[in-house]
Amino acid sequence: MNNIFLSKPGVITCAGFNADELWASVTTGNQSGIKKVKAVSEEDFFAGRIEESKLKPTSARFSMKIHRIQEMALEQIAKEVESVKEKYGAQRIAVCVGSCDNGTEFSVAGHKVFFETGKFPSDYSIEMQGADYPSTFVKEKFSLKAPCLSFSTACSSSAEAIIKGAQLINSGLADAVIAGGVDLVSDTVLLGFGALEAVSSEITNPFSVNRHGITLGEGAAFFVLTRQDLFSTGIELLGYGESSDAHHMTSPDPSGAGAEKAMKNALHNAGLKPEDIDYINLHGTGTKLNDLMESKAVDAVFGSYKIPASTTKPFTGHTLGAGSAVELAVCFQAIVKNRNAEKIQLPLQMWDGQKDSEIPQLNFVDKDNCTGFKKVKICMSNSFAFGGSNACLIAGER
């Protein structure tokens, strides 16, 4: 793949309102952002919601929480956006955003009024439910004129957005791309995953024999992608891989074949070997099927190379369409924070340590095994979504 450089990330989650705060949480074991919430059904769930009181007003045409979250992430890279806009022009800066929430904050309330009165509220617009608006908002915010694309492939949405951003640059259709994702933990999402019996009754406990499911979270993460290292981060999107196994609408292929293929495709695309990877950010949802499948796939790809690995969802919650971008931001920080460190520090694997005998054992970065790793230069991040939409990103410095 041709050189595609990453700016610093603009990121916000319940585990941190910027990349440094997020890094501090995932390396110290801070799960304070995950709290019990009550849905409209009166059911209780653990979730990684961002407190409304900490969010700022948004310039979006629709003042929804998802855009207040999105704007706070975008503001962290606003200078980088303006820099590439000045260099290349608004017509050469594209937008690629992954998200699964289609205005549920307003649509649920709006439909409630409609069912009661026969009319929608005066401030309701069907455009709120359009899958395009998270990306349209970015275009409007920065007055851009290049292609503006939306991606909704469940948990791999923002990975697909980042991949397409790289392809737009490589194809010559854009000189820079704002790429990432944003998603929300609405009651619709909570109740939907609850109906699938996929939500854990405690904070998610991935890869443990005692795991019971996911913990949902919300957040956003965005990068500016460029062909040149304009922001002197030295970090590139080295490669990416995709596959589509279409095994089941919600369950992953239990063999792990689709996930394995995505990782192998990413390594091939980057021109790397398994032993070149220094850290793997696992998809690690905490469900019975996903963790078993992913462990098999990682074991098949890396074999005797026991690469340090962890999932950061016990800190952020599963941020759905934003997850890939949030976890790429964690990988970005892993490289930056360890450049001159005396001791290598990596995101912890937060779990009870109770191994599942059915799962191939991975080299987890847990509290009893969090030092002594080699220098971190290249990281892999996995995202395996509903419908078998599998994506893998590799970031690093050459």
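Structure shown above.
Note that this is a predicted model, so its numbers are computed, not measured.

Asker: I'd like a description of the overall build of the chain, backed by residues and values.
Answerer: Regarding its fold elements, the chain presents 11 helices and 15 strands. Computed over its C-alpha atoms, the radius of gyration of the chain comes to 20 Å, within 12% of the 21 Å expected for a compact globule of 398 residues. Overall size of the chain, expressed as C-alpha extent along the three principal axes, is 65 × 50 × 40 Å. In the chain, 79% of the contacts between residues at least 6 apart in sequence involve partners at least 24 apart. Entry remark: accessible area of the chain is about 15300 Å², with carbon and sulfur atoms responsible for 51%. Positive and negative charge centroids in the chain, built from 38 and 46 side chains respectively, lie 4 Å apart.

Asker: Hey, could you go over the nonpolar core for me, with residue numbers and the actual values?
Answerer: In this structure, L6, I162, V177, L225, L237, L346 and L393 are the most contacted members of the largest nonpolar core, which totals 51 residues. Within the residue set of this core, elements represented by two or more residues are α1 (19–28), β5 (93–98), α6 (157–171), β7 (176–183), β9 (219–226), β10 (236–244), α11 (323–337) and β15 (389–396). If one sorts the elements of this core by residue count, α11 sits on top with 9 residues. With residues near it in sequence (within four places) discarded, L237 still touches M1, I4, L6, I162, A166, L393 and I394. Formed by 33 residues, the second largest nonpolar core is a distinct cluster that contains I66, V84, F142 and V224.

Asker: Now, about helix α3 (residues 78–88): what can you tell me, with residues and values included?
Answerer: Every buried residue of α3 is listed here: A78, E80, V81, V84 and Y88. Buried residues along α3 cover an arc of 160° about the axis, so they all sit on one side. Residues K79 and E86 are exposed on α3 and point more than 90 degrees away from its buried face. At its buried positions, α3 is contacted by α2 (65–75), β5, α5 (133–142), β7 and β9.

Asker: Outline the side chain of E236, listing residues and values.
Answerer: Within the element layout of this structure, E236 appears in strand β10. Other than its neighbours up to four places away in sequence, E236 contacts N3, I4, F5, L6, I394, A395, G396 and R398.

Asker: Just give me the short version of the sheet that holds strand β4 (residues 44–48), but keep the residues and values in it.
Answerer: Paired through their backbone hydrogen bonds, the strands of a sheet run either parallel or antiparallel. Spatial ordering of the open sheet is given by β3-β4-β8, a layout of 3 strands whose pairing is mixed. Of all strands in the sheet, those with a lone pairing partner are β3 (35–38) and β8 (216–217), marking the two edges. Two strands pair when backbone bridges link them, and β4 and β8 are joined in this way by 2 bridges, in the parallel orientation. Note on β8: the bridge partner recorded for A47 is L216.

Asker: Tell me about the side chain of N281, and name the residues and values.
Answerer: Structurally, the position occupied by N281 is in strand β11 (residues 279–281). In this structure N281 comes out as buried when scored by relative accessible area, which is 0%. In this structure the side chain of N281 is engaged in a polar contact, spanning 3.3 Å, whose partner is the side chain of Y279. Not counting chain neighbours up to four residues away, the residues in contact with N281 comprise S310, T312, E327, V330, C331, M380, S381 and N382.

Asker: Outline the packing of aromatic side chains, supporting the account with residue identities and numerical values.
Answerer: On inspection of all chains with the given rule, the structure shows 8 aromatic pairs. On the basis of an interplanar angle of 15° and a centroid distance of 4.6 Å, the ring pair of F120 and Y124 is categorised as stacked. For F120, a relative accessible area of 35% corresponds to the partly exposed category. Taking the relative accessible area as the measure of exposure, Y124 reaches 13% and is therefore buried. Through successive ring pairs, a cluster of aromatic residues spans F114, F115, F120 and Y124. It is K141 that lies over the ring of F142; its NZ or CZ is 5.4 Å from the centre.

Asker: Provide a residue-level description of unusual backbone geometry, including the pertinent values.
Answerer: The phi dihedral of F207 is positive, around 70°, even though this residue is not glycine. When you line up the elements, F207 lands in the loop between α7 (187–195) and β8. With a relative accessible area of 1%, F207 lands in the buried category. Despite not being glycine, L320 has its phi angle at roughly 55°, a positive value.

Asker: Any chance you could break down the pairing of β3 for me, citing the residues and the numbers?
Answerer: Bridge analysis of β3 against β4 gives 4 bridges, and the strand direction is antiparallel. From the neighbouring strand, K38 faces β4, where its bridge partner is D44. Taking the residues between adjacent antiparallel strands as the criterion, β3 and β4 are bridged by 5 residues, where E42 takes a positive phi near 75°.

Asker: Give me the environment of S310: which residues, what numbers.
Answerer: Tracing the sequence through the fold places S310 in strand β12 (residues 308–310). S310 sits in the buried class, given a relative accessible area of 0%. Those residues in contact with S310 that lie beyond four places of it in its chain are Y279, I280, N281, L282, P347, L348 and Q349. At 2.7 Å, the side chain of S310 forms a polar contact with the side chain of Y279.

Asker: Describe a nonpolar patch on the surface, naming the residues involved and giving the relevant values.
Answerer: On the surface, F114, F115 and F120 cluster together to form a nonpolar patch covering roughly 320 Å² of accessible area. Within the secondary structure, F120 sits in the loop between α4 (104–117) and α5.

Here is what the cut-offs are and how they apply
- Residues numbered from 1 in each chain as written.
- Predicted model: local features only at pLDDT ≥ 70, side-chain atom pairs only at ≥ 80, totals over all residues.
- Heavy atoms only, no water.
- Helix = DSSP H or I, 4+ residues; strand = E, 2+ residues; numbered from the N terminus.
- Rg over C-alpha atoms; globule rule 2.2 N^0.38 Å.
- Contact = heavy atoms within 4.5 Å.
- Areas by Shrake-Rupley, 256 points an atom, 1.4 Å probe, with all protein chains shown as cover.
- Lys, Arg positive; Asp, Glu negative; His and termini not counted.
- Charge placed at Lys NZ, Arg CZ, Asp CG, Glu CD.
- Core = buried A, V, L, I, M, F, W, Y, C linked by side-chain atoms within 4.5 Å.
- Buried < 20%, exposed > 50% of the residue type's maximum accessible area, 1.4 Å probe, protein only.
- Arc of directions from axis to C-beta.
- Pairing = 2+ DSSP bridges.
- Polar contact = N/O pair within 3.5 Å; in protein donor to acceptor, adjacent residues only side chain to side chain.
- Phe/Tyr/Trp six-rings, centres within 6.5 Å; stacked < 30°, edge-to-face > 60°.
- Lys NZ or Arg CZ within 6 Å of the ring centre and 35° of its normal.
- Patch = residues over 30% accessible without salt bridge, like charges linked within 9 Å, V, L, I, M, F, W, Y side chains within 5 Å.
- Salt bridge = Lys/Arg side-chain N within 4 Å of Asp/Glu carboxyl O.

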